[in-house]
Amino acid sequence: MDFTNEIKKRRTFAIISHPDAGKTTLTEKFLLYGGAINTAGSVKGKATAKHAVSDWMEIEKERGISVTSSVLQFGYGGYCINILDTPGHQDFSEDTYRTLMAADSAVMVIDGSKGVEAQTRKLFKVCVMRHIPIFTFINKMDRDAMDTFELLDDIEKELGIATCPINWPIGSGKAFQGVYERQGKTIELFSGTQKGTRVGEVRTVDAAGGRLEQVIGAAAKEKLEEEIELLDGAAAEFDQELVSKGELSPVFFGSALTNFGVETFLRHFLEMTTSPLPRMSDHGMVDPMEETAFSAFVFKIQANMNKAHRDRIAFMRICSGAFTAGMDVWHVQGGKQIRLSQPQQMMASERKIIETAYGGDIIGVFDPGIFSIGDTLTTSRDKYAYEGIPTFAPEHFARVRQLDTMKRKQFVKGINQIAQEGAIQIFQEYNTGMEEIIVGVVGVLQFDVLKYRLKNEYNVDILLENLPYEYIRWIENEGIDMDALSGTSDMKKIKDLHGRPLLLFVHEWSVRMTLERNPDLRLSEFGRS
Ligand code: G4P
């Protein structure tokens with residue numbers, strides 16, 4: 001197959017949701033339809049204590065949760081699909097955000113009985129910042145759901161994106177009968193007997209035919225007709241261009257657990273979403289469709305894959321050209337030629353060594369400690385670099401107390417290494433001359449990860465003293481006079497390792513108040529690494 005076709009058939013996306021909305025279940029059903037697994041229940045058998053591929057770290061095993069995101073590749077209907085899985089646990093990390101930097105689109109899974117929840121809202125912000133297409137799957141329709149119009153309203157109001165239902169549910173919970181497909185004017189009938197472990201058959205009836213009333217009953221038919229009439233008058237029309245720009249989200253209804261609506265969603269989604277997108281470098285746009293030099297950027301570093309060797313795997317997203325195992329590439333930030341040996345790719349149930357990969361694919365390569373998040377690798381003579389990955393606002397902060405002062409060197413080395421991998425962010429007091437370190441994390445679990453890793457890998461014990469701050473803002477003004485800033489009483493000035501000033505706040509309203517008091521001040525929720 002020629003180069004362009006390889007790229008055209010690729011779809012690289014992330015699935016975002018609040019924990020328990022059904023992301024794992026939906027992912028698993030995608031794999032089931034793609035033939036990558038034969039029976040559902042094998043990806044993350046929580047109940048069977050069989051661990052997912054990504055559970056490398058001891059701490060993950062101990063707790064039975066997945067701390068890091070993994071990547072799954074499989075085929076369906078002629079497409080080559082890369083799913084970037086984001087940790088489903090409440091305590092997600094910055095990795096979850098970064099994963100979205102490597103995706104070309106996002107699937108948002110929403111629990112039909114809950115609407116938009118906190119974690120979805122946070123991840124959604126990153127999608128909006130990147131203007132990537134967002135597709136909504138409203139799940140658990142086999143359980144009592146919120147009113148459908150209310151659900152759509154919730155998405156539009158909470159997230160500020162227009163919605164366009166591609167299908168429409170007929171009832172929910174015990175009364176769930178299936179979905180009405182708006183374009184084809186057909187009904188896909190739900191069958192509760194389908195347990196969802198295998199690909200099932202979906203019965204379809206023509207909504208315009210006389211049989212509809214017989215099949216779903218007079219009351220459901222009347223309600224459906226009323227709702228569709230209202231919907232046709234009120235909802236945004238499908239517009240592929242708006243979808244591509246991330247301004248309109250196509251919405252689908254279903255029940256991942258029972259396989260209902262999953263394949264319909266997958267089929268439409270693969271058609272409506274995008275193949276790998278061009279990316280901005282410091283030499284202009286790089287288009288994956290053009291058969292140019294290989295390039296990729298690092299979006300995640302996974303440490304501790306093998307405890308004996310303290311090794312790390314750097315995950316990179318290929319942006320252009322083709323990758324072949326053992327190829328020599330230029331590491332732009334390191335200023336060195338390196339060989340990418342033993343590249344790995346995550347499959348549904350194992351890691352495997354790969355020979356070739358293309359734009360849109362994610363590969364993991366052995367990292368002897370040279371890579372940082374956002375680094376570019378390329379075979380181009382231009383040696384261009386991709387725009388860095390922003391650092392995302394941590395929401396939990398703690399002062400680090402080192403228990404054995406004799407081990408200062410190991411401590412500094414360890415904490416810097418862990419920060420370089422992007423698991424934590426480290427800061428210092430502003431202008432106090434104190435060397436104390438303040439650590440910031442996106443999810444509190446990362447505090448435990450930090451303690452555990454410093455102890456196990458660097459033999460250093462630390463004590464973390466929690467700080468009350470929850471809001472961090474990067475100061476965008478160059479050369480600002482920090483002493484002249486008029487802040488609130490709960491504001492704290494800190495600096496990052498490059499000496500750049502930042503502000504911490506306990507309350508969100510203090511951020512607004514500080515902005516009001518300092519009209520020239522420009523603050524950002526995203527930092528530059
Ligand atoms: P997550 O990755 O987003 O955290 O969610 P996950 O898929 O693990 O699903 C959370 C729970 O919701 C699971 O139940 C799962 O079986 C259930 N679920 C997912 N999709 C549907 C659906 O369409 N309908 C219904 N009724 N339930 C659904 P659990 O009891 O927490 O876990 P398990 O013991 O079943 O694994």
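Residues numbered from 1 in each chain as written. Predicted model: local features only at pLDDT ≥ 70, side-chain atom pairs only at ≥ 80, totals over all residues. Heavy atoms only, no water.

## Here we look at the packing of helix α2 (residues 23–33) against helix α10 (residues 262–272)
Working step 1: The N-to-C vectors of α2 and α10 enclose an angle of 80°; their axes lie 10 Å apart at closest approach. Classified by the interaxial angle, the pair formed by α2 and α10 is roughly perpendicular. Contacts between α2 and α10 involve Leu26, Lys29, Phe30 and Tyr33 on the former and, on the latter, Val262, Glu263, Phe265 and Leu266.
Working step 2: Its residues placed into classes, the contact of α2 with α10 shows six nonpolar, no polar and two charged. (Axes fitted to C-alpha atoms, helices over the stretch in contact; angles between N-to-C directions. Helix = DSSP H or I, 4+ residues; strand = E, 2+ residues; numbered from the N terminus. Parallel < 35°, antiparallel > 145°, perpendicular 65-115°, else oblique. Contact = heavy atoms within 4.5 Å. Nonpolar A, V, L, I, M, F, W, Y, C, P; charged D, E, K, R; others polar.)

## Details of the sheet that holds strand β8 (residues 178–181)
Working step 1: In spatial order, the strands read β7-β8-β9-β10; together these four strands make up an open sheet with antiparallel pairing. Bordering the open sheet on either side are β7 (167–170) and β10 (203–206), each of which pairs with just one other strand. Across this sheet, the average inter-strand angle for adjacent strands is 25°, counted without regard to direction.
Working step 2: Relative to β8, β7 runs antiparallel, the two sharing four bridges. Note that in β8 the partner of Asn167 across the bridge is Glu181.
Working step 3: Against the sheet, helix α8 (residues 218–234) contacts β7, β8 and β9 (186–189), and its axis sits at roughly 150° relative to β7. (Pairing = 2+ DSSP bridges.)

## Some details on unusual backbone geometry
Working step 1: For Lys185, which is not a glycine, the phi torsion comes out positive at approximately 50°.
Working step 2: Assignment of secondary structure puts Lys185 in the loop between β8 and β9.
Working step 3: Taking relative accessible area as the criterion, Lys185 reaches 46% and is therefore assigned partly exposed.
Working step 4: You will see that Lys383, though not glycine, has its phi angle at about 50°, which is positive.
Working step 5: With respect to the secondary-structure elements, Lys383 resides in the loop between β23 (376–378) and β24 (390–392). (Buried < 20%, exposed > 50% of the residue type's maximum accessible area, 1.4 Å probe, protein only.)

## Quick look at the packing of aromatic side chains
Working step 1: Within this structure, the stated rule accounts for 19 aromatic pairs.
Working step 2: Pairing Phe265 with Phe269 gives two aromatic rings, centres 5.6 Å apart and planes at 10°, and the pair type is stacked. With Phe265 and Phe269 both in helix α10, this residue pair falls four residues apart, about one helical turn.
Working step 3: Judged by relative accessible area, which is 0%, Phe265 ranks as buried.
Working step 4: A residue is classified by how much of its surface remains accessible, and Phe269, at 0% relative accessible area, is buried.
Working step 5: Look at Phe294 and Phe323: their rings are 5.7 Å apart centre to centre, the planes differ by 50°, and that puts the pair in the tilted class. Taken together, the residues Phe294 in the loop between β13 (284–286) and β14 (295–303) and Phe323 in strand β16 (residues 322–324) connect sequence positions 29 residues apart.
Working step 6: Since its relative accessible area comes to 0%, Phe323 is described here as buried.
Working step 7: Site record: aromatic cluster; members linked through ring pairs are Phe13, Phe30, Phe135, Phe137, Phe252, Phe265 and Phe269. (Phe/Tyr/Trp six-rings, centres within 6.5 Å; stacked < 30°, edge-to-face > 60°.)

## Points about the pairing of strand β29 (residues 471–475)
Working step 1: The element β29 is extensively covered by neighbouring structure, given that four of its five residues are classed as buried.
Working step 2: Two elements, β29 and strand β31 (residues 501–505), share four bridges in a ladder whose sense is antiparallel. Bridged to Arg473 within β31 is Leu503.
Working step 3: Note: β29 against strand β32 (residues 523–524), two bridges, orientation antiparallel. The residue of β32 that forms the bridge with Ile475 is Leu523.

## Notes on the site of the ligand
Working step 1: In the vicinity of the ligand lie 17 residues, with Asp20, Lys23, Thr24, Thr25 and Asp142 positioned nearest.
Working step 2: Gly22 has a polar backbone atom sitting 3.0 Å from an oxygen atom of the ligand.
Working step 3: With respect to the ligand, the side chain of Ser255 contributes an N or O atom lying 3.2 Å from an oxygen atom.
Working step 4: Relative to its unbound accessible area of 710 Å², the ligand is 73% covered by the protein chains. (Near = heavy atom within 4 Å. Polar contact = N/O pair within 3.5 Å; in protein donor to acceptor, adjacent residues only side chain to side chain. Areas by Shrake-Rupley, 256 points an atom, 1.4 Å probe, with all protein chains shown as cover.)

## Here we look at the nonpolar core
Working step 1: Core analysis: the biggest nonpolar cluster contains 76 residues, and Ile187 and Phe323 have the highest contact counts within it.
Working step 2: The biggest single contributor to this core is strand β15 (residues 312–320), with six residues.
Working step 3: Core analysis: the next-biggest nonpolar cluster, separate from the first, contains 28 residues, Phe13, Phe30, Phe137 and Cys164 among them. (Core = buried A, V, L, I, M, F, W, Y, C linked by side-chain atoms within 4.5 Å.)

## What to know about the pattern of salt bridges
Working step 1: As enumerated under the stated definition, the model contains 26 salt bridges in all.
Working step 2: One salt bridge connects Asp111 with Lys140, and the closest N-O pair in it is separated by 3.7 Å. Of this pair, Asp111 sits in strand β4 (residues 105–111) while Lys140 sits in the loop between β5 (134–139) and α6 (148–159), and the two are 29 residues apart along the sequence.
Working step 3: For Asp111, a relative accessible area of 3% gives the class buried.
Working step 4: Between Lys492 and Glu429 there is a salt bridge whose closest N-O contact spans 2.9 Å. Linking Lys492 in strand β30 (residues 491–496) with Glu429 in strand β26 (residues 425–429), this pair joins segments that are 63 residues apart in sequence. (Salt bridge = Lys/Arg side-chain N within 4 Å of Asp/Glu carboxyl O.)

## Digging into the sheet that holds β30
Working step 1: Read across the open sheet, the eight strands follow the order β28-β25-β27-β26-β30-β31-β29-β32; overall the sheet is antiparallel. Two strands in the sheet have a free side with no partner beyond their single neighbour: β28 (462–467) and β32.
Working step 2: In terms of strand pairing, β30 meets β31 through five bridges, oriented antiparallel. Residue Met491 lies in a different strand from β31, and its bridge partner there is Phe505.
Working step 3: With respect to the sheet, helix α11 (residues 408–420) is in contact with β25 (396–402), β26, β27 (437–441) and β28, its orientation differing from that of β25 by roughly 155°.
Working step 4: Strands in contact with helix α12 (residues 445–458) are β25, β27 and β28; relative to β28, the strand with the most contacts, it is inclined by about 160°.

## Considerations on the packing of α11 against α12
Working step 1: Packing of α11 against α12 leaves a shortest axis separation of 10 Å and a crossing angle of 125°. Taken together, α11 and α12 sit at an angle that is classed as oblique. The interaxial crossing formed by α11 with α12 has right-handed handedness. Across from Gln410, Phe411, Gly414, Ile415, Gln417 and Ile418 in α11, the residues of α12 making contact are Leu450, Arg453, Leu454 and Tyr458.
Working step 2: Grouping the amino acids of the contact of α11 with α12 by side-chain chemistry returns six nonpolar, three polar and one charged. (Left-handed = near helix turned anticlockwise from the far one by under 90°.)

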